Structures are given as structure tokens and as C-alpha cells.
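Observations on the three-dimensional arrangement
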Amino acid sequence: MRMRQTWRWFGPNDPVSLPDIRQTGAQGIVSALHQIPHGEVWPVAEIRKRQQEIEAGGLSWDVVESVTIHESIKTRTGKYQQYIDQYKQTLRNLAAYGLRIVTYNFMPVNDWTRTNLDYVMPDGSRALYFNWFDLAVFDIHLLKRKNAANDYNEVVLREVEKRFKQYTPEEREHLVNVVMFGIPGEKKQTLEQMRTKLEWYADIDHAALRDNLKYFLQEITPVADEVGIKLAIHPDDPPFDILGLPRIVSRAADFEYILSSVPAPSNGVCFCTGSLGASPDNDPVQIARQIGTRMHFVHLRNVKKDEYGNFFEDDHLAGDVDMYAVMKEILKIQQQVAEPIPFRPDHGHQMMDDLRKVTNPGYSCIGRMRGLAELRGLELGICRAEGW
Ligand code: DNO
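Let me sum up the structure you'll find in this document. (Residues numbered from 1 in each chain as written. Predicted model: local features only at pLDDT ≥ 70, side-chain atom pairs only at ≥ 80, totals over all residues. Heavy atoms only, no water.)

**Brief notes about the site of the ligand**
Neighbouring residues of the ligand: 14 residues in total, closest Glu65, Ser66, Asp111, His347 and Tyr363. With respect to the ligand, the side chain of Asn105 contributes an N or O atom lying 2.9 Å from an oxygen atom. A distance of 2.8 Å separates an oxygen atom of the ligand from a polar atom in the side chain of Asp111. For the ligand, the protein covers 100% of the area, taking 330 Å² as the surface of the free molecule. When its residues are assigned to classes, the shell around the ligand shows five nonpolar, five polar and four charged. (Near = heavy atom within 4 Å. Polar contact = N/O pair within 3.5 Å; in protein donor to acceptor, adjacent residues only side chain to side chain. Areas by Shrake-Rupley, 256 points an atom, 1.4 Å probe, with all protein chains shown as cover. Nonpolar A, V, L, I, M, F, W, Y, C, P; charged D, E, K, R; others polar.)

**Description of the sheet that holds strand 7 (residues 230-234)**
Pairing within the closed barrel is parallel, and its eight strands lie in the order 1-2-3-4-7-8-9-12. Each adjacent strand pair in this sheet contributes to an overall mean axis angle of 30 degrees, direction not counted. Of the pairings in the sheet, the one linking strand 7 to strand 8 (residues 267-272) comprises three bridges and is parallel in character. Each bridged residue has a counterpart across the sheet, and for Ala232 the counterpart in strand 8 is Gly268. Of the strands in this sheet, strand 8 and strand 9 (295-300) touch helix 13 (residues 323-334), which is tilted by about 160 degrees from strand 9. Helix 14 (residues 365-386) contacts strand 1 (4-8), strand 9 and strand 12 (342-345) of the sheet and is inclined by roughly 170 degrees relative to strand 1. (Pairing = 2+ DSSP bridges. Helix = DSSP H or I, 4+ residues; strand = E, 2+ residues; numbered from the N terminus. Axes fitted to C-alpha atoms, helices over the stretch in contact; angles between N-to-C directions. Contact = heavy atoms within 4.5 Å.)

**Some points on helix 12 (residues 284-291)**
Within the span of helix 12, buried status applies to Pro284, Val285, Ile287, Ala288 and Ile291. Across the axial projection of helix 12, the buried residues extend over an arc of 165 degrees, all falling on one side. At its buried positions, helix 12 is contacted by helix 10 (252-261), strand 8, helix 11 (273-277), strand 9 and helix 13. The distance from a side-chain oxygen at the start of helix 12 to the backbone nitrogen of Val285 is 3.0 Å, and the residue carrying that oxygen is Asp283. Two residues or fewer after helix 12 comes Gly292, characterised by a positive phi angle close to 55 degrees. (Buried < 20%, exposed > 50% of the residue type's maximum accessible area, 1.4 Å probe, protein only. Arc of directions from axis to C-beta.)

**So, the nonpolar core**
Core analysis: the largest hydrophobic core is formed by 104 residues, its most contacted members being Trp42, Leu94, Phe138, Phe216 and Phe271. Look past the residues within four positions of Phe216 in its chain and what remains in contact with it is Ile69, Ile73, Ile84, Tyr87, Tyr104 and Phe106. With eight residues, the next largest nonpolar core counts Phe10, Phe181, Ile183 and Tyr363 among its residues. (Core = buried A, V, L, I, M, F, W, Y, C linked by side-chain atoms within 4.5 Å.)

**What about the pattern of salt bridges?**
In the structure shown here, the tally under the stated rule is 34 salt bridges. Residue Arg210 pairs with Asp254 through a salt bridge whose shortest N-O separation is 3.8 Å. With a gap of 44 residues between them, Arg210 in helix 9 (residues 206-227) and Asp254 in helix 10 connect regions that are remote in the sequence. A relative accessible area of 25% places Arg210 in the partly exposed class. The class of Asp254 is buried, set by a relative accessible area of 5%. With a shortest N-O distance of 3.2 Å, Glu386 and Lys328 are connected by a salt bridge. Here the residue Glu386 occupies a position in helix 14, and Lys328 occupies one in helix 13, the gap between them amounting to 58 residues. What makes Lys328 partly exposed here is its relative accessible area of 23%. Where salt bridges share partners, they join Arg8, Glu65, Arg114, Asp237, Arg301, Glu313, Arg344 and Asp346 into one cluster. (Salt bridge = Lys/Arg side-chain N within 4 Å of Asp/Glu carboxyl O.)

**Side note on the sheet that holds strand 10 (residues 302-305)**
The strand order across the open sheet formed by four strands is 5-6-11-10, and the pairing between neighbours is antiparallel. Of all the strands in the sheet, just strand 5 (116-120) and strand 10 have a single pairing partner and so form its edges. Adjacent strand axes in the sheet meet at a mean angle of 40 degrees, parallel and antiparallel pairs treated alike.

**Observations concerning the packing of helix 10 against helix 12**
Across the interface, helix 10 lies against helix 12 with an axial gap of 10 Å and an inter-helix angle of 10 degrees. Of the possible angle classes, the one that applies to helix 10 and helix 12 is roughly parallel. Counting all contacts with helix 10, which are made through Ala252, Phe255, Glu256 and Leu259, the residues of helix 12 involved are Gln286, Ile287, Gln290 and Ile291. Its residues placed into classes, the contact of helix 10 with helix 12 shows five nonpolar, two polar and one charged. (Parallel < 35°, antiparallel > 145°, perpendicular 65-115°, else oblique.)

Now the structure itself:
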């Protein structure tokens, strides 16, 4: 059995339209109600509206990405129990309209983080890039996090001072906007809000955050199991601690903990090759094998790292992730389950006509379409060769 080819659509304001998406060959849509504030219940009327918009475009809403977890749940403070109950209600509301896969992440404070959204590739296309030196410039000099300098080594600190002096006020402001870019369609955070949120995590280490995730999963998986929803936790992006915050969905041992501590059938993973591939400690093929049939959703993307741990997002079939080997491993898993596992080409270079358009970073059309086309060809080749 082949996988299901999906495409992330940010909703009616996405510059990539549904008619365009149909022409990419994608079969289904990944979407979310980004306008709903984190933690609030997704109203059935709005769920239905989004679903109808997608269906009117000749596609189906296959995956929800993401129902964001309120910081109170991650810190287990304040009204966390109320937010958990609201999360359960959102799951019920989604299930009522046939939505069956829900992605989320458990990254404190910031979702995915990059330092450059226009990294120029040798072919002239543009990629997303993460650079430790720039992150440290942001952390130490712009965010001004307390004791931030303690988290970086001498080499980084020397480079930070050099860069900070070189950067113009405009460049500094641009760096802030890039690091805090967040999710299209969601309210942007300010530096002040980020500082406040960082304080909430002052006493939360890896063990405490892990425990809060376990509690959350113990609470919501019975509802997900009851209504037939598969949960898919997204790895930390990048998969290491940043800004002094603990990250607990970054490596093989983390998935072992998450899946074994709450062994409900609904408790699964969004297997993201680009996130996992950014750490030299991770072997995405081995992690795929380990997750096995708990792989509920897949993001396929590639990264190229340098000696400092900086990385840029490479073409889908180039870079450090052996996409052939990963695809084969995922397809083995696919043959063991009854339903097609959805995958989407995650991110893509801004290229060709898209270079002259305003696009959501990582989510322009042509680069992702190139990725989807390559991945679908790779998938077909493996399936034919294996008789799948
Ligand atoms: C970035 C995305 C992430 C992802 C969330 C899932 O492009 O992969 O923002 O959607 O982390 O909760």
C-alpha cells in the first residue's frame, strides 16, 4: 500500500490556493484553525467551515496540524486542568467531523526556530537556515536572557561579539523577527512576552517537562481512543535545548519514553525527518524503525549540517538524511497498517516565480511541489521494486 500525499494549507489567507494545490498532485490537506487562540476550544461551526472550504476545492482535510498546547499545560500551572479539558473537547469536535489525525508539539515557548529565512542556495533558490552564532546574538544581546552567555562555548561567544558589533540596527531587528517568526496566521510574540514565558520555565527541567507531557497524555489519550483520533507528537525543531529551555522530543530515548509511558493506541508520532536530522546524534532510519506503527503522520524534508551544528534545509533528496533508506523504512511500516499513512513534503525552497512573491517561509508552492514530485517518485520506485 502507498502512503497518502498531503499538503499543508494555512487556510483562506494562504498565498497557495486550493486549485493550485490540486495541480501538485496532493491528495489531501493538512490544516489548522490558526485564528483560534491557543488553548481555546475549536468550535464545531469553524471546523465544519474549514472542512467545507477544503472540500469545495476538491480535496479532503486529512490531518490537523496543529492543535497547539497551551503553556499552562506544558508548565502544569494555572488553569492547566481547564485547558486539558478544553483540548479534549476540541478532539471530540474534530472527531465529530471525521478528522482522525491530530498533530501537536510540546516545545516550550517557541515552535520551530530558525535564524535566516532567505539563505541563498548555489542554484539561486532560498532556504531556511539555523545558525548557532546568530541564535546566540539573539539570545545574549537582543532577548537579553539572564545568564544566557553561560550556555555557549568560547568559540561561539567570540563570534557573537564580532557579529553583534557588525549588525546594523535593522539587521538586529530583522534577526528578532526571524527567530520569533512563529506560525503563519498566529499572533506574533513580542520580546517582552517571550521573556515572561521564559520565567515560567525557570524551575522546569527535562524531567519535570517530561512528567507534564506524560500527565497530559494520560488525560487525553482515553478521549482520543474513544473518538478514534490518532495523536502525532512533532519532534522539537531543532532537536536540542535552545534559549535555556528543556526539550524532550528530540532523540530516540525521548520517543521510547513517550510511547512506553502511555501505551494507548492513540499515542503516536509525527515522524519529521528534517527536525530529527538536524542532530548528529539521531539516525532517522533507526528512529523510524523504533516508532514503527505508532507513526501516525510523516513530514519529509532534508537538512545539511556543518561542523558547528548549524544547518540549512537542503533539497528533499539531498542533505544528511538518507531519504531512500528512510522512505523504505516508512514504507515497510505502511505495509503493516490498514490505512494509508499521510506524509507531506515539509518545507521547500523559495524558487522560480515564488522568489517574486510574498510567501510563507518554507511553504511556497514550487519548492514544495518539487519535493512532493521527487518523494512520490522515490516512493513509487521502492514500492515497485519491493512488490508493495
Ligand atoms: C514547521 C512545522 C511546525 C509544526 C509544529 C507541529 O514548519 O513543521 O511548526 O507544524 O511544530 O506542532
